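# Analysis of the macromolecular model
Here is how the chains run, residue by residue.
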Amino acid sequence: QLQLQESGPGLVKPSETLSLTCTVSGGSISSRSYYWGWIRQPPGKGLEWIGSFLYSGSTFYNPSLKSRVTISVDTSKNQFSLRLSSVTAADTAVYYCARRSSGYLYFDYWGQGTLVTVSS
Amino acid sequence: QSALTQPASVSGSPGQSITISCTGTSRDVGGYNYVSWYQQHPGKVPKLMIYDVSNRPSGASNRFSGSKSGNTASLTISGLQAEDEADYHCSSYTSSSTWVFGVGTKLTVL
């Protein structure tokens with residue numbers, strides 16, 4: 001059974017860089033059959049797609065976040081990571097990692113989510 | 001990219017049917033049959049209920065159905081049950097090879 005688990009600091013100071021990792025079990029992130037990515041949800045608000053990648057393929061980012069976002073991969077640990085720089089209070093959210101199957105345009109597996117608060 | 005427009009809230013009594021709308025543009029909802037709907041109970045992970053406008057994944061109740069007309073997609077829940085009370089989010093693929101979500105709709109079962 002596929003499982004995704006987010007991890008990282010729950011508190012980040014303004015202007016610093018938010019870093020999260022998604023550990024995947026029950027599936028390989030190096031498979032060309034799946035895209036992996038990040039989605040966030042500010043408290044009490046809707047979902048926002050951050051970005052997705054296909055291993056050894058393209059990476060796509062939300063245009064509104066593109067200048068601050070980097071998604072990277074560590075296949076040795078079957079993990080992928082999110083870095084969001086120059087954070088502000090507006091970046092406070094529950095961050096989810098998620099998967100979609102190649103050729104399908106919806107997200108079928110999600111992690112449990114992790115709350116990141118931006119505050120001094 | 002701007003979030004898709006959804007009503008903030010809808011309500012209905014048990015047994016009734018409700019419809020939630022999701023309005024975008026020709027660059028997203030209107031341009032592709034790649035609208036999906038997610039159900040989210042408080043504190044829980046979003047769950048896929050509809051994909052590609054009107055398809056149900058295995059495990060999703062057949063009381064849930066989806067449709068689209070022009071730039072507006074709709075989710076209909078028939079035979080409303082107490083367990084359907086949740087937030088509902090629409091999502092669409094876009095012409096920029098990105099995804100955009102709606103602002104979310106809170107469904108209250110009276």
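Everything discussed here concerns the structure shown above.
Residues numbered from 1 in each chain as written. Chains lettered and ligands numbered in written order. Predicted model: local features only at pLDDT ≥ 70, side-chain atom pairs only at ≥ 80, totals over all residues. Heavy atoms only, no water.

What chain A contains, in helices and strands, is zero helices and 11 strands. Computed over its C-alpha atoms, the radius of gyration of chain A comes to 14 Å, within 12% of the 14 Å expected for a compact globule of 120 residues. If one aligns the C-alpha atoms of chain A with their principal axes, the spans along those axes are about 40 × 25 × 25 Å. Across chain A, contacts joining residues at least 24 apart in sequence account for 54% of those joining residues at least 6 apart. Of the roughly 5,500 Å² of accessible surface on chain A, 45% is carried by carbon and sulfur atoms. Once the 10 positive and 6 negative side-chain charges of chain A are each reduced to a mean point, those two points are 4 Å apart. (Helix = DSSP H or I, 4+ residues; strand = E, 2+ residues; numbered from the N terminus. Rg over C-alpha atoms; globule rule 2.2 N^0.38 Å. Contact = heavy atoms within 4.5 Å. Areas by Shrake-Rupley, 256 points an atom, 1.4 Å probe, with all protein chains shown as cover. Lys, Arg positive; Asp, Glu negative; His and termini not counted. Charge placed at Lys NZ, Arg CZ, Asp CG, Glu CD.)

Moving on, we get to the layout of surface pockets. Of the volumes computed, that of the largest pocket is approximately 440 Å³. For the lining of the largest pocket, the secondary-structure elements that each account for two or more residues are β1 (3-7) and β10 (109-110) of chain A together with β4 (47-50) of chain B. With three residues, β1 of chain A is the single largest residue contributor to the lining of the largest pocket. Of the residues assigned to the lining of the largest pocket, the class counts are nine nonpolar, seven polar and two charged. Residues belonging to the lining of the second largest pocket are distributed by class as follows: six nonpolar, 11 polar and three charged. (1 Å grid on protein atoms, 1.4 Å probe; cavity = no way out; pocket = protein on both sides within 12 Å on 5 of 7 lines; lining within 4 Å. Points joined across faces, edges and corners; volume = space filled by probe spheres on them. Nonpolar A, V, L, I, M, F, W, Y, C, P; charged D, E, K, R; others polar.)

Note: most residues except glycine have negative phi, and most peptide bonds are trans. Positive phi is not limited to glycine here, since Ser 86 of chain A has a value of about 50 degrees. Inspection of the secondary structure assignment puts Ser 86 of chain A in the loop between β8 (79-84) and β9 (93-101). Of note, the phi angle at Asp 52 of chain B is positive, near 50 degrees, even though the residue is not glycine. Tracing the chain through its elements places Asp 52 of chain B in the loop between β4 and β5 (64-69).

With that settled, consider the pattern of salt bridges. Counting across every chain of the model gives five salt bridges over all chains. Residues joined by salt bridges that share partners form a network here, namely Arg 40, Glu 48, Arg 68 and Asp 91 of chain A. (Salt bridge = Lys/Arg side-chain N within 4 Å of Asp/Glu carboxyl O.)

Residue and element names in this part refer to chain A. Burial analysis of strand β4 (residues 34-41) places seven of its eight residues in the buried class, the great majority of the element. Bridge analysis of β4 against β9 gives eight bridges, and the strand direction is antiparallel. Bridge pairing links Tyr 35 to Arg 100 in β9. Of the pairings in the sheet, the one linking β4 to strand β5 (residues 48-54) comprises six bridges and is antiparallel in character. When the sheet's bridge partners are listed, Trp 36 is paired in β5 with Phe 53. (Buried < 20%, exposed > 50% of the residue type's maximum accessible area, 1.4 Å probe, protein only. Pairing = 2+ DSSP bridges.)

Residues and elements named next belong to chain A. Read from one edge of the open sheet, four strands run β1-β3-β8-β7, paired in antiparallel fashion. At either margin of the open sheet sits one strand with a lone partner, and together these are β1 and β7 (69-74). Between one strand and the next, the sheet's axes are offset by a mean angle of 20 degrees, whatever the strand orientation. One ladder, built from five bridges, connects β1 with strand β3 (residues 18-25); its direction is antiparallel. In the strand pairing of β3, Gln 3 is matched with Ser 25. (Axes fitted to C-alpha atoms, helices over the stretch in contact; angles between N-to-C directions.)

Let us now look at the side chain of Asn 78 of chain A. Residue and element names in this part refer to chain A. Relative to the assigned elements, Asn 78 resides in the loop between β7 and β8. A residue is classified by how much of its surface remains accessible, and Asn 78, at 15% relative accessible area, is buried. Of the polar contacts made by the side chain of Asn 78, one reaches the backbone oxygen of Gly 27; its length is 2.6 Å. One polar contact links the side chain of Asn 78 to the main-chain amide nitrogen of Ile 29, over a distance of 3.0 Å. If we ignore the near neighbours within four places in the chain, the residues touching Asn 78 are Cys 22, Thr 23, Val 24, Gly 27, Ser 28 and Ile 29. (Polar contact = N/O pair within 3.5 Å; in protein donor to acceptor, adjacent residues only side chain to side chain.)

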